[in-house]
Amino acid sequence: MTHKFASFFLPFLQKISPSLLPVRGVIELEADRWQSTDNDPQFMLQSSYLKVMAGWITIRVVMSSEKVMIPKIYIDYGEGFSESRVIYMGQIDDETYFADIMLSSIPKSIRFDPTEEPVDFSISLCQIKVHNVVVHTIHQFASIMRHDFRSEEDTLRILKKSYARYKKHQFQGMIDRLGKEYKKLHPYRFQRSTPGHIAYMNWIRDNEIEYIEPLDNDLLEQMPVISVVMTVYNVPKEYLKKAIDSVINQTYPYWELCIVDDASQNRHTIPMLKKYESDYDRIHIKFRENNGNISIATNDALALATGEFVAFMDHDDMLVPNALYEVVKAVNRNPNAKFIYSDEDKIDEKERRYDPHFKSDWNPDMFLSQNYLSHLSVIDRRLVEEVGAFREGYEGAQDYDLFLRIIDRISAEEIMHIDKILYHWRAIEGSTAFDASEKSYTTEAGLRALRDYFHNREISATVKIGILPNTYKVVYNVPEEPLVSLIIPTRDGYDILSLCIKSILEKTIYKNYEIIIVDNQTTDPKTLAYFGGIVATNKNIRIVKYDEEFNYAAINNFGVEHAQGELIGLVNNDVEVISNYWLTEMVQHVIRPEIGAVGAKLYYENDTIQHAGVILGIGGVAGHAHKHYLRNAHGYFSRLKIIQNLSAVTSACLLIRKTIYREVEGMNEEHLKVAFNDVDFCLKVHTLGYRNLWTPYVELYHHESVSRGIEDNDIKKARFDNEVQYMKRTWGKMLQVDRYYSRNLTLQHENFDIRKTAASNKLPIKNPTKTFGFFTPKSSK
């Protein structure tokens, strides 16, 4: 939260500093320093305020340790502590953990478990903020505003107006004002239109007519039976009917629908299901006598399946008419396909579609950060059976657990992405599609599934809860610190260079690194004097002279030849380190055998995004993902907050193994002296089979182009044009479709907007869902 926002909320906040009482597994070493003696250390939070505390609170703890901490909160309302209600704390920075908690009543006690293993640690702060109903409502609205990337000024203006209404008309007046603004932000719930909503409706009109193509058997050598698996429990009648009808109306005829009713009490459900089973011989239904859980019920449904592939579908969602046909076409393109997934969107109770998720192709590290595959997922049935189908104890993330066990047995070439919307996820009150926080237990179940995944693969890693709900952070353990050689080219630029070096020396926790400053014809006396001073006082800093005209690629290649480390860090002289663990975070990934270049999250001085990975094709060659988004923005489907694979990252802060650097013969100093040499470099790394990676946990400021300037004369413009043409000649096909982006997203801007077509300025269609065919059954057996 920025200073302006903090100042606005300050009058509403009450801060409490509870004392920490160790109750088991903890020894106090000295003031504020502790040692856990087993895997379950526990503190009780003690404060007289606990006797009157209820409603929304935020618990914040600042603690440090040499090992990764996994702190948790337990609330006892009088029935004792329960593992089923554990609250994992999120992480703000390297040492600050937090949990937002809604206390349904005054708690009897609150327990804090700092970690899950023996370790020494210190706690410098434990604080509880109590939010009254006014601040909670305003705070939630502010989060919505900023998530939708409104400016800070606009958000503050609306908040101040709302607070003025509160002072004049009390709480209801404020709610009325916020409600009006909320309707502007979320028109799909209030029958209004915004540019983003209209853009998607136009996209549907311009693109989806091709989905409703007739079945062409000549295109299909393989026509497997697909078993659509569905569990049913007390779903509203109208949604269940639409779900089943969307399967019946598939243009591809070789399907079966396997349904298990998990002991529904809804009086409409059983008769409806029996009628469908009677009318359609391809619908198989089992009625459970006792309610189990989603894993048990889905396994029962799988037992009814006979198809070569199984498709998973929720009881209130909908398939597009050509969904299964598109899947079979994909299988015919790649007969080795074992796992096929598609794009998806949401659909509300009034059949209005919104929030399309145009997904990346197979993105392993993003999948380990969140289950982005989701719907529609179609898997080889034998493979599902081989891994034991769904496991009890992982409810809420049972599909994520299954997918993790599946991908462990197949190759990347056997995973296919269909970049079309084939699935509509029903967004109604109580569903995860409506609000991820509706089912917080899903995050905890996913955490268990990921830990099993790494344990089974014998990979030394710790899995933590991510920054956002249903996201995760995998921390790969580094047994020893390999030497990192940080290459920093510079010419003069005392102010920015000294700031860069100072931030590295003062903030870097990682110890085993050297700094090689490549001096490209510095003449400034102040900078030259600075060189002498830092070399004299820092044994790990060297100056090497590159006495040629400016050539960014050649300068870095020259620096690498002088590097002693097995890891190479390319660092611009105009960056400033923010996070203490920046180098630790990068090293843990770059030493993984499958990883190539590792990139960082860079900000402009005004705390907006300068770099969050590189997207190919934007502007003709490449652009930076989410450029100019607010620093705290979540990004497109949380992509600013999760570790992921990308085609390229900027060399303003890039880490790579020296062996790979030499394997690709370094940067192209002949054709790409200034621009795009890092993109070209990363693509060469990619073609060798390595995955490039970007992490949001490495944060730096980038005072971009302060040292080099901009393309502001004819010579520079001509050189830039030549570099653009070289990239297009060399990487033309790869630049057209970035596998980690989507052809359905814009190449004109860096903001993940929906791609516009020539027809996009037309008025949107009135009802895209009905236009593209969810029909009532026309025939039965």
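Residues numbered from 1 in each chain as written. Predicted model: local features only at pLDDT ≥ 70, side-chain atom pairs only at ≥ 80, totals over all residues. Heavy atoms only, no water.

Trainee: What is the right way to read the overall build of the chain from this model?
Mentor: Tallying secondary structure elements over the chain gives 20 helices and 35 strands in all. A buried classification covers 57% of the 781 residues belonging to the chain. Contacts in the chain between residues far apart in sequence, at least 24 positions, make up 78% of those at least 6 positions apart. Counting only carbon and sulfur atoms, one obtains 49% of the accessible surface of the chain, whose full area is about 33,600 Å². (Helix = DSSP H or I, 4+ residues; strand = E, 2+ residues; numbered from the N terminus. Buried < 20%, exposed > 50% of the residue type's maximum accessible area, 1.4 Å probe, protein only. Contact = heavy atoms within 4.5 Å. Areas by Shrake-Rupley, 256 points an atom, 1.4 Å probe, with all protein chains shown as cover.)

Trainee: Would you mind going over the nonpolar core with me for this structure?
Mentor: Nonpolar side chains in soluble globular proteins tend to end up buried together. Judged by nonpolar contacts, the single largest core of 64 residues is most densely connected at Phe358, Ile487, Leu654, Ile656, Val679, Phe681 and Met727. Not counting chain neighbours up to four residues away, the residues in contact with Val679 comprise Val614, Leu616, Ala622, Ala648 and Met727. Listed in part, the 49 residues of the second largest apolar core include Leu302, Val384, Ile406 and Val463. (Core = buried A, V, L, I, M, F, W, Y, C linked by side-chain atoms within 4.5 Å.)

Trainee: Would you take a moment to explain the packing of helix H5 (residues 237–248) against helix H6 (residues 269–279) for this structure?
Mentor: The geometry of a pair of packed helices is captured by two quantities: the angle between their axes and the separation between those axes. At a closest axis distance of 11 Å, the pairing of H5 and H6 adopts a crossing angle of 15°. In terms of orientation, H5 and H6 fall into the roughly parallel class. As H5 packs across H6, the resulting crossing turns out to be right-handed. In contact with Lys237, Leu240, Lys241, Ile244, Asp245 and Ile248 of H5, H6 contributes Thr269, Met272, Leu273 and Tyr276. (Axes fitted to C-alpha atoms, helices over the stretch in contact; angles between N-to-C directions. Parallel < 35°, antiparallel > 145°, perpendicular 65-115°, else oblique. Left-handed = near helix turned anticlockwise from the far one by under 90°.)

Trainee: I would appreciate a short explanation of the sheet that holds strand S7 (residues 72–76) in the present structure.
Mentor: Read across the open sheet, the 5 strands follow the order S2-S5-S11-S7-S8; overall the sheet is antiparallel. Of all strands in the sheet, those with a lone pairing partner are strand S2 (19–24) and strand S8 (87–88), marking the two edges. Relative to S8, S7 is paired through 2 bridges, and the arrangement is antiparallel. Looking at the pairing, Ile73 lines up with Ile87 of S8. (Pairing = 2+ DSSP bridges.)

Trainee: Can you help me understand the pattern of salt bridges in this one?
Mentor: Between side chains of opposite charge, pairing is possible as soon as their charged atoms come close. Evaluated as defined, the whole model comprises 37 salt bridges. Residues Glu386 and Arg409 are paired through a salt bridge, measuring 3.7 Å at the closest nitrogen-oxygen approach. Placement of the pair is Glu386 in helix H10 (residues 381–386) and Arg409 in the loop between helix H11 (398–407) and strand S21 (415–426), with a sequence separation of 23 residues. Look at the salt bridges and you will find they share partners, linking Asp262, Lys286, Arg288 and Asp300 into a network. (Salt bridge = Lys/Arg side-chain N within 4 Å of Asp/Glu carboxyl O.)

Trainee: Would you mind going over the pairing of strand S16 (residues 309–312) with me for this structure?
Mentor: Within a regular strand, side chains alternate between the sheet's two faces. Neither face of S16 is left uncovered, since the one carrying Phe309 and Ala311 and the one carrying Val310 and Phe312 both have all their residues buried. For strand S13 (residues 226–232) and S16, the ladder comprises 4 bridges, and the chain directions are parallel. Within S16, the position partnered with Val229 by the bridge is Phe312. When S16 meets strand S20 (residues 377–380), the two strands line up antiparallel, connected through 3 bridges. Of the residues in S20, the one forming a bridge with Ala311 is Val378.

Trainee: Got a minute to help me understand the packing of aromatic side chains in this structure?
Mentor: For any pair of aromatic rings, the description consists of the separation of the ring centres together with the inter-plane angle of the planes. As enumerated under the stated definition, the model contains 25 aromatic pairs in all. Ring geometry for Tyr603 versus Tyr701: centroids 6.2 Å apart, planes at 65°, classification edge-to-face. Linking Tyr603 in strand S29 (residues 595–603) with Tyr701 in strand S35 (residues 691–702), this pair joins segments that are 98 residues apart in sequence. Relative accessible area serves as the criterion here: at 0%, Tyr603 is assigned to the buried category. Where Phe676 meets Phe720, the ring centres are 5.6 Å apart and the plane angle is 35°; that geometry is what we call tilted. Of this pair, Phe676 sits in the loop between helix H17 (658–663) and helix H18 (677–687) while Phe720 is found in helix H19 (residues 714–736), placing the two residues 44 residues apart along the sequence. Under the relative-accessibility criterion, Phe676 is labelled buried at 15%. Connected via pairs of aromatic rings, a cluster forms that spans Tyr341, Trp362, Phe367, Tyr372, Tyr400 and Tyr472. It is Lys274 that lies over the ring of Phe287; its NZ or CZ is 5.8 Å from the centre. (Phe/Tyr/Trp six-rings, centres within 6.5 Å; stacked < 30°, edge-to-face > 60°. Lys NZ or Arg CZ within 6 Å of the ring centre and 35° of its normal.)

Trainee: Sorry, what's going on with the confidence of the model for the chain here?
Mentor: For the chain, per-residue confidence averages 84 on the pLDDT scale, and 81% of positions sit at 70 or higher. Every residue in residues 1–13 is under pLDDT 50, and counting partners more than four places away or in other chains gives 34 contacts. Scored below 50 in pLDDT, residues 144–150 makes 24 contacts in the model with residues more than four places away or belonging to other chains. (pLDDT = per-residue confidence, 0-100.)

Trainee: Quick question: what am I supposed to make of the side chain of Thr508 here?
Mentor: Mapped onto the fold, Thr508 is located in the loop between helix H13 (494–507) and strand S25 (513–519). For Thr508, a relative accessible area of 7% gives the class buried. At 2.8 Å, the side chain of Thr508 and the side chain of Trp582 are in polar contact. Among all residues touching Thr508, those that are not within four sequence positions of it are Ser503, Tyr513, Asn580, Trp582 and Leu583. (Polar contact = N/O pair within 3.5 Å; in protein donor to acceptor, adjacent residues only side chain to side chain.)

Trainee: Would you mind going over the environment of Asn299 with me for this structure?
Mentor: Tracing the backbone through its elements, the reader meets Asn299 in helix H7 (residues 294–303). When the C-alpha positions of Asn299 and Val260 are compared, they lie 9.1 Å apart, and in sequence the two are 39 residues distant. Setting aside residues no more than four positions away along its own chain, Asn299 makes contact with Ala389 and Phe390.

Trainee: Please explain the packing of H13 against helix H14 (residues 525–537) as it appears in this structure.
Mentor: Interaxial distance between H13 and H14 falls to 9 Å at its minimum, and their mutual angle equals 25°. For the element pair H13 / H14, the angle class is roughly parallel. In this structure, H13 contributes Tyr494, Leu497, Ser498 and Ile501 to the contact, and H14 contributes Lys526, Thr527, Tyr530 and Phe531. Its residues assigned to classes, the contact of H13 with H14 comprises 5 nonpolar, 2 polar and 1 charged. (Nonpolar A, V, L, I, M, F, W, Y, C, P; charged D, E, K, R; others polar.)

Trainee: I would appreciate a short explanation of the pairing of strand S34 (residues 653–657) in the present structure.
Mentor: Extensive coverage of S34 is indicated by the burial of 5 of its 5 residues. By the bridge criterion, 5 bridges tie strand S27 (residues 567–571) to S34 in an arrangement that is antiparallel. Following the sheet pairing, Ile568 is matched in S34 by Ile656.

Trainee: Sorry, what's going on with H6 here?
Mentor: Since the α-helix turns once every 3.6 residues, residues separated by three or four places project in the same direction. Buried within H6 are the following residues: Thr269, Met272, Leu273 and Tyr276. Axial view of H6: buried residues confined to an arc of 95°, hence all on one face. Buried residues in H6 make contact with S13, H5, strand S14 (255–261) and strand S15 (283–287). (Arc of directions from axis to C-beta.)

Trainee: I'm lost on a nonpolar patch on the surface in this one. Help?
Mentor: Together, Met223, Val225 and Tyr254 give the surface a local cluster of nonpolar side chains, amounting to about 220 Å² of exposed area. Take Val225: it is sitting in the loop between helix H4 (195–207) and S13. (Patch = residues over 30% accessible without salt bridge, like charges linked within 9 Å, V, L, I, M, F, W, Y side chains within 5 Å.)

Trainee: Mind showing me how you'd approach unusual backbone geometry here?
Mentor: Trans peptide bonds make up most of the peptide bonds, and negative phi angles are found at most residues other than glycine. Residue His375 is joined to Leu376 through a cis peptide bond whose omega torsion reads -15°. Mapped onto the fold, Leu376 is located in the loop between helix H9 (364–367) and S20. The residue Ser638 is not glycine, and still its phi comes out positive at about 70°. Mapped onto the elements, Ser638 comes out in the loop between strand S32 (622–624) and strand S33 (644–645).

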